[in-house]
Amino acid sequence: MKLSGIKSAESSHDDSIWAATWVPPSSASSECLLLTGSLDESVRLWRADDLSPAAPPSRGHSLGIVSLAAHPSGSLAAASSLDSLVRVFHLHTSASVALLHPDSPSEAWGLNFNPKGSLLAVAGGASASIKLWETTTWQLAETVPVPHPTDRSQSPNPSSASFILAVAWSPDGRRLACSSYDGSVAVFDTERAKFLHHLSGHHMPVRSLVFSPVDPRVLFTGSDDSHVHMYDAEGSLVAAMSGHAGWVSSVDASPDGAALATGSADRTVRLWDLGMRAAVQTMTSHTDHVWGVAFRPSASGPGTRDAGRLASVSDDKSISLYDYS
């Protein structure tokens, strides 16, 4: 696999862009669209070929956007903000569907829909929990406590709890993982609603994690320690990969599961060959911290290898698009 830069759009937002995700085709659009969120408090939808706006900017938060998630139906999205709220909205009209209120500040960080779209998992930040919201009624279904690594009990002492930064579902929906400011990664069995174990290896915040789209046991993480890890989610570290010279702020796996893309504070996007377990390409289209990378889903479905696209976003307010084959 090789990346080829095809377009960079400067000043796509009025402030740093911290989040990006692809929106699946829907009844309103036959193509995948790119969704971005910024510290300018807006969420914007873009066409994948020329980065032209596909809808007016969506607003509704009082502080910057931290994370985005697109519903599998392609009709809805959720955004979390530094204002500690999660807003669910219609993608093509920007109309709000729900505003999810945490119990206290700093309880909404990374977020992700499960593969069926029936649950929205929200990293609980300072509450050391994952909050699961039912997507039909938008009622809180469950608050899942995340045990501290030094205390494997299901009810850790809140005073020693870690700040939960990101969440990820396995492609079969049977596992849920979350990462913490202390560098730990917790894995849960969703069918039994049971905490399984911690994955160790990082010693600084893990800001991003993603399961392989083709193997529900394989999990990738990126950390402020500048390393990228590949885990067997059953409990072991498979590979520790280095190459970045700064925080690894975002990781995403290619649709065929053969490659990984990462964005970093060193201003680069790197492509990793998972067979070689090494970085094989470095892209330098950004001039500041790269906060988000996202592979466009394959039109043929997970596990397929066809021509695709990768997007990256940065503190420099730009969006970059790359082709790969």
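Bear in mind the structure is a predicted one, so any value in this text is a computation, not a measurement.

**Comments concerning the pairing of strand 14 (residues 164-169)**
Now for step 1: A large share of strand 14 lies buried, amounting to six of its six residues.
Now for step 2: The pairing of strand 14 with strand 15 (residues 175-180) spans five bridges and is antiparallel. The residue bridging Ala168 from the neighbouring strand is Ala177, located in strand 15.
Now for step 3: In sequence, strand 14 turns back onto strand 15 through a hairpin of five residues, with Gly173 there showing a positive phi of about 75°.

**With respect to the pattern of salt bridges**
Now for step 1: Tallying each qualifying case throughout the model produces nine salt bridges.
Now for step 2: Put simply, Arg174 and Glu191 hold a salt bridge, and the shortest N to O gap is 3.5 Å. With Arg174 in the loop between strand 14 and strand 15 and Glu191 in the loop between strand 16 (185-189) and strand 17 (194-199), this pair connects stretches of sequence that are 17 residues apart.
Now for step 3: According to the relative accessible area criterion, Arg174 is partly exposed, its value standing at 43%.
Now for step 4: Take Glu191: its relative accessible area is 58%, and that puts it in the exposed class.
Now for step 5: The salt bridge partner of Arg309 is Asp323, with a shortest N-O separation of 2.9 Å.

**Considering the pairing of strand 7 (residues 76-81)**
Now for step 1: Across the six residues that make up strand 7, a large majority, six, are buried.
Now for step 2: Side chains Leu76, Ala78 and Ser80 project from strand 7 onto one buried face, and the interleaved Ala77, Ala79 and Ser81 project onto a second face that is buried too.
Now for step 3: With antiparallel pairing between neighbouring strands as the criterion, strand 6 (residues 65-70) and strand 7 make up a hairpin whose turn holds five residues, including Gly74 at a positive phi of roughly 80°.
Now for step 4: Alignment of strand 7 against strand 8 (residues 86-90), held across five bridges, turns out to be antiparallel. Across the sheet, Ala77 pairs through a bridge with Phe89, a residue of strand 8.
Now for step 5: Linking two consecutive strands that pair antiparallel, namely strand 7 and strand 8, is a turn of four residues; a positive phi of about 70° is found at Ser84 within it.

About the criteria used
Residues numbered from 1 in each chain as written. Predicted model: local features only at pLDDT ≥ 70, side-chain atom pairs only at ≥ 80, totals over all residues. Heavy atoms only, no water. Buried < 20%, exposed > 50% of the residue type's maximum accessible area, 1.4 Å probe, protein only. Helix = DSSP H or I, 4+ residues; strand = E, 2+ residues; numbered from the N terminus. Pairing = 2+ DSSP bridges. Salt bridge = Lys/Arg side-chain N within 4 Å of Asp/Glu carboxyl O.

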